[in-house]
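Fold and contact review
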Amino acid sequence: MNDYQLQDVVDHQLQDVVGHNTNDNSDSPTLSVIIPLYNCQRFICQCLDSIYAQGMEDCEVIVVDDGSTDNSRDLVAGYAVAHTNLVLINQENSGVAMARNTGIECARGKYITFVDADDMLVGGSFRRLVDIAKSYDADMVKAWHKKVPEDAMAEGYECLDDGAEGYECYADGAVRVMSGDEAIVKETKLDEGYCWGYLIRSSVIKAYAIRFPEGVMFMEDWAFITQVMVHAQCFVVAPLLYYLYRDNASSCVANMTMGKLLSGCRSIDTVCRLASETNGEVRVRLTENICFNINIILWFVIHYSRIFAERKAIMHTLKSLLKMVDASLVPARLKVFNLVPNLYVMALHAATKRKY
């Protein structure tokens, strides 16, 4: 689906929106909260409750229902009756990337933040993050996040939490200010690629037409947030716990398929093209992230028997991705894969004791 088709979809959806008129820019909010929703009736109320518990009036909540077949949409519609700043948009099932893109098209806020429907926010964190963003005129603000059990409640957590992921690096409580390029080098972690946990200036997203890769179901967060970071002039790390994410057994990773892995290759392709336009430490770091994610895909190919049986569908694609990066930065094991891909995968599949 191209940009014009996306706009047609959004225009059509806005005829069936529960909430305020999203085309009215006369009183734009400070913050737009975008929530993609699909069959999450168990958690969506806790998610929305944690947002409205923030007590922040100058924000809008945009929930994009991606064709839910459970009671999720009706639950959100009830919130829309009680809260005039909640917008509920309905679309046919098109995937989380398309749902977030729809939310971006409709967002009116100066800043955008993404929240997954099964996650929660820590009380009081909204206003603190917005105040920090305004104080430093930041394009991006990153805060801490924490994995919580499925039965967790937002009320059990505070902004200053020494168990948050990232706390050990910022225990002095200092705000860190840097450019987006510096953030790629200093702040990106190989095992993280989330789009949540950030406040992002919406004008950066829209000025550079940054969107989630359409139809992509794996690593799309990483591709999106990396593009934003490259274009961010001011990146701030806020020393507070903001985001609570659930370790959901029904997540994309827990239900991996060859189709999802192939779509993940499109995310890698996006970052490969981005890396080719950079240099120095930024290129090195992006290449490390690219190679790490190629290894993640290979891990699924090696350990998931049903995917291993279909491996021919992805081997050529992975080799093509490796050709797009600086060969001197590719780790030794991936160089071996690039030389003898089928033998490499078959040998590791035979040797691994844990298969799915």
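The sections below set out a description of the structure shown in this document. This one's a predicted model, so the numbers in the text were calculated from it and none came from an experiment.

1. Description of empty space enclosed by the protein
Once rolled over the atoms, a probe with the size of a water molecule shows which space is left empty. As enumerated under the stated definition, the model contains 1 cavity of 30 Å³ or more in all. Here the largest cavity defines a volume of roughly 180 Å³. As for the largest cavity, its lining consists of 17 residues, of which Glu192, Gly193, Tyr194, Tyr198 and Ile225 are closest to the centre. Of all elements in the fold, only strand S6 (140-148) and helix H8 (220-231) reach the threshold of two or more residues within the lining of the largest cavity.

2. A closer look at the packing of helix H10 (residues 280-303) against helix H14 (residues 341-351)
One way to put it is that H10 packs onto H14 with a least axis distance of 8 Å and a crossing angle of 60 degrees. When the interaxial angle is binned, H10 and H14 end up oblique. Between H10 and H14 lies a crossing whose hand is right-handed. For the pair H10 and H14, contact is made by Leu298, Val301 and Ile302 and by Tyr344, Val345, Leu348 and His349, respectively. Looking at the contact of H10 with H14 residue by residue, the class counts come to 6 nonpolar, 1 polar and no charged.

3. Observations concerning the packing of aromatic side chains
Counting across every chain of the model gives 17 aromatic pairs. Measuring from centroid to centroid gives 5.2 Å for Trp299 and Phe300, while their planes differ by 90 degrees, and the two rings are edge-to-face. Take Trp299: its relative accessible area is 34%, and that puts it in the partly exposed class. Residue classification places Phe300 among the buried positions, given a relative accessible area of 5%. One aromatic cluster in this structure is built from Phe126, Tyr194, Trp196, Tyr242, Tyr243 and Tyr245. One cation-aromatic arrangement involves Arg100 over Phe212; the distance from NZ or CZ to the ring centre is 5.2 Å. Over the aromatic face of Phe308 sits the side chain of Arg311, whose NZ or CZ is 4.2 Å from the ring centroid.

4. Considering helix H9 (residues 258-275)
For H9, spanning 18 residues, the distance from its first C-alpha to its last is 25 Å, which sits close to the expected 26 Å at 1.5 Å a residue. Listing the buried residues of H9 in full gives Met258, Lys260, Leu261, Ser263, Gly264, Cys265, Ser267, Ile268, Val271, Cys272, Leu274 and Ala275. If you follow the buried residues of H9, they end up packed against H8, H10, helix H11 (305-308) and helix H12 (312-323).

5. What to know about a nonpolar patch on the surface
Residues Val336, Leu339, Val340 and Leu343 make up a contiguous nonpolar surface patch of about 390 Å² in total accessible area. Position of Val340 among the secondary structure elements: in the loop between helix H13 (332-339) and H14.

6. Details of the pairing of S6
In terms of burial, S6 is a largely internal element, 8 of the 9 residues being buried. Where S6 lies against strand S8 (residues 198-201), 3 bridges are found, and the strand directions are antiparallel. From the neighbouring strand, Lys142 faces S8, where its bridge partner is Tyr198.

7. Concerning the environment of Ile205
Among the structural elements, Ile205 can be located in helix H7 (residues 202-207). Of the residues examined, Ile205 reaches a relative accessible area of 0% and is grouped as buried. Through-space distance from the C-alpha of Ile205 to that of Phe224 is 9.5 Å; in sequence the pair is 19 residues apart. Leave out the neighbours within four places in its chain, and Ile205 touches Ile104, Ile112, Ile200, Ile210, Arg211, Phe224 and Val228.

8. Let's talk about the nonpolar core
Where a protein is soluble and globular, its nonpolar side chains tend to be buried together. Counting residues in each nonpolar core, the largest one holds 68 residues, and the members touching the most others are Phe224 and Ile297. Broken down by element, the residue count for this core peaks at 10 residues, all from H10. Here Ile297 is in contact with Phe218, Met219, Leu261, Gly264, Cys265, Ile268, Ile314 and Leu318, once residues within four sequence places are set aside. Core analysis: the next-biggest nonpolar cluster, separate from the first, contains 51 residues, Val130, Val148, Ala238 and Tyr245 among them.

9. Focus: the pattern of salt bridges
A complete count under the given rule lists 16 salt bridges for this structure. Measuring nitrogen to oxygen at the nearest pair gives 3.0 Å for the salt bridge that ties Arg100 to Asp116. Residue Arg100 is found in helix H4 (residues 96-106), and its partner Asp116 is found in the loop between strand S4 (111-114) and strand S5 (120-121); the two are separated by 16 residues along the sequence. The class for Asp116 is buried, based on a relative accessible area of 18%. Connected via shared salt-bridge partners are Arg100, Asp116, Glu220 and Asp221.

10. Some points on the side chain of Asp139
The residue Asp139 is located in the loop between helix H5 (125-135) and S6 in this model. At 2.7 Å, the side chain of Asp139 and the side chain of Arg201 are in polar contact. One polar contact links the side chain of Asp139 to the main-chain amide nitrogen of Gln233, over a distance of 2.7 Å. Discounting residues that sit within four places of it in the chain, Asp139 has contacts with Leu199, Ile200, Arg201, Val204, Ala232, Gln233 and Cys234.

Rules used in this analysis
Residues numbered from 1 in each chain as written. Predicted model: local features only at pLDDT ≥ 70, side-chain atom pairs only at ≥ 80, totals over all residues. Heavy atoms only, no water. 1 Å grid on protein atoms, 1.4 Å probe; cavity = no way out; pocket = protein on both sides within 12 Å on 5 of 7 lines; lining within 4 Å. Points joined across faces, edges and corners; volume = space filled by probe spheres on them. Helix = DSSP H or I, 4+ residues; strand = E, 2+ residues; numbered from the N terminus. Axes fitted to C-alpha atoms, helices over the stretch in contact; angles between N-to-C directions. Parallel < 35°, antiparallel > 145°, perpendicular 65-115°, else oblique. Left-handed = near helix turned anticlockwise from the far one by under 90°. Contact = heavy atoms within 4.5 Å. Nonpolar A, V, L, I, M, F, W, Y, C, P; charged D, E, K, R; others polar. Phe/Tyr/Trp six-rings, centres within 6.5 Å; stacked < 30°, edge-to-face > 60°. Buried < 20%, exposed > 50% of the residue type's maximum accessible area, 1.4 Å probe, protein only. Lys NZ or Arg CZ within 6 Å of the ring centre and 35° of its normal. Expected span 1.5 Å × (residues − 1). Patch = residues over 30% accessible without salt bridge, like charges linked within 9 Å, V, L, I, M, F, W, Y side chains within 5 Å. Areas by Shrake-Rupley, 256 points an atom, 1.4 Å probe, with all protein chains shown as cover. Salt bridge = Lys/Arg side-chain N within 4 Å of Asp/Glu carboxyl O. Pairing = 2+ DSSP bridges. Core = buried A, V, L, I, M, F, W, Y, C linked by side-chain atoms within 4.5 Å. Polar contact = N/O pair within 3.5 Å; in protein donor to acceptor, adjacent residues only side chain to side chain.

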